[in-house]
Structure formats: C-alpha cells, structure tokens
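Structural overview
Now for the letters of each chain:
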Amino acid sequence: QVQLVEFGGGLVQPGGSLRLSCAASGSGFTNVIMGWYRQAPGKERELVAALTSGGSTNYADSVKGRFTISRDNAKNTVYLQMNSLKPEDTAVYYCNVKTRDTIGSITGNYWGQGTRVTVSS
C-alpha cells in the first residue's frame, strides 16, 4: 500500500513558476511509474509528465520544455517543476504512482488528493 500527499499549488501570474511536491510512504518504489496528471474544469484528466524508477521521462506536448518531473529517492518524493506558466495550465494537479512487477505488469495504482494551480493576472 502506497500513500501519497501532494502540495505546492497556488496562484501564479503568467510566466511565473511553481514546484509541486508529492511525498510517498510505503514500499514498492523499486519498479514504479510516477506521474503528474491534471484536470481542468469541464475537461478530462490528462497525463502531463511521467518518470520511471529507471529514469525515463515522458511529457505532454503542451508542457515540453516548460515542466520537469524529478524524484528525490532519499525523501521518497516526486516533484513537478513548472516554469513559464500559461493560463491554460490552470487545473487541479494529481500525483500518481503505479507499481509494477518484474516483467512490467501494473500491480497497484495510487493517487494523491490533488493540488490546485491557477495561472492568472
């Protein structure tokens, strides 16, 4: 069982920056996919960034070059650094961890509570 607590959202002006954090507790971080999703009002939840325990990353086209996902293994924390923020980045952001077995099959799926990011003047 993995528990996730995320924080760091808030109000920021266009062009500004925020860093989201997601602290995880429990085992199973040897072979995982960590991700950040977001959901804007009236829209479906979408993946914005993902990071495997092996270091591979994937980003939505809309955030490439602006957002960076990273992990601090000592703190069991995953981060999303968001730069050059745009109004269309406004959404509730959710941390996600998927655990995997040795052949890559998903064995667990865990979500944070969400943190709101508002980009506005």
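Here we summarise the structure given alongside this text. Note that the coordinates shown come from a computational prediction; the quantities given were computed from them, not determined experimentally.

1. Concerning the overall build of the protein chain
Counting its regular elements, the protein chain contains zero helices and 11 strands. Secondary structure of the protein chain in N-to-C order comes out as β-β-β-β-β-β-β-β-β-β-β. Rg of the C-alpha trace for the protein chain: 14 Å, near the compact-globule value of 14 Å for 121 residues, within the 12% margin. For the protein chain, the spread of C-alpha atoms along the principal axes amounts to about 45 × 30 × 25 Å. The buried share of the protein chain, taken over its 121 residues, is 43%. Residue pairs in contact within the protein chain that sit at least 24 positions apart in sequence constitute 55% of those at least 6 positions apart. Summed over all atoms, the accessible surface of the protein chain reaches about 6,400 Å², with 47% contributed by carbon and sulfur. One finds the centroid of the 12 positive side-chain charges in the protein chain at a distance of 3 Å from the centroid of its 8 negative side-chain charges.

2. Thoughts on the pattern of salt bridges
Applying the stated criterion to the full structure yields four salt bridges. Arg38 is the partner of Glu46 in a salt bridge, and the nearest nitrogen-oxygen pair spans 3.0 Å. We classify Glu46 as partly exposed; its relative accessible area is 34%. On the basis of relative accessible area, Arg38 is assigned to the buried category, the value being 6%. Arg66 serves as the salt-bridge partner of Asp89, at 2.7 Å between the closest nitrogen and oxygen.

3. Details of the sheet that holds strand β8 (residues 77–82)
Pairing in this open sheet of four strands is antiparallel, and the strands run β1-β3-β8-β7 from one edge to the other. Every other strand in the sheet has two partners, leaving β1 (3–7) and β7 (67–72) as the edge strands with one partner each. Averaged over all adjacent pairs, the angle separating strand axes in this sheet is 15°, with direction ignored. Relative to β8, β7 runs antiparallel, the two being bridged by six bridges.

4. Comments concerning the state of the cysteines
Across all of its chains, the model carries one disulfide by this definition. Disulfide partner of Cys22: Cys95, at an S-S distance of 2.1 Å. For the disulfide bridge between Cys22 and Cys95, the dihedral angle about the S-S bond is near -85°, and by the sign convention the bridge is left-handed. Note that Cys22 is positioned in strand β3 (residues 18–25) and Cys95 in strand β9 (residues 91–100), a separation of 73 residues in sequence. Judged by its relative accessible area of 1%, Cys22 falls in the buried class.

Rules used in this analysis
- Residues numbered from 1 in each chain as written.
- Predicted model: local features only at pLDDT ≥ 70, side-chain atom pairs only at ≥ 80, totals over all residues.
- Heavy atoms only, no water.
- Helix = DSSP H or I, 4+ residues; strand = E, 2+ residues; numbered from the N terminus.
- Rg over C-alpha atoms; globule rule 2.2 N^0.38 Å.
- Buried < 20%, exposed > 50% of the residue type's maximum accessible area, 1.4 Å probe, protein only.
- Contact = heavy atoms within 4.5 Å.
- Areas by Shrake-Rupley, 256 points an atom, 1.4 Å probe, with all protein chains shown as cover.
- Lys, Arg positive; Asp, Glu negative; His and termini not counted.
- Charge placed at Lys NZ, Arg CZ, Asp CG, Glu CD.
- Salt bridge = Lys/Arg side-chain N within 4 Å of Asp/Glu carboxyl O.
- Pairing = 2+ DSSP bridges.
- Axes fitted to C-alpha atoms, helices over the stretch in contact; angles between N-to-C directions.
- Disulfide = S-S within 2.5 Å.

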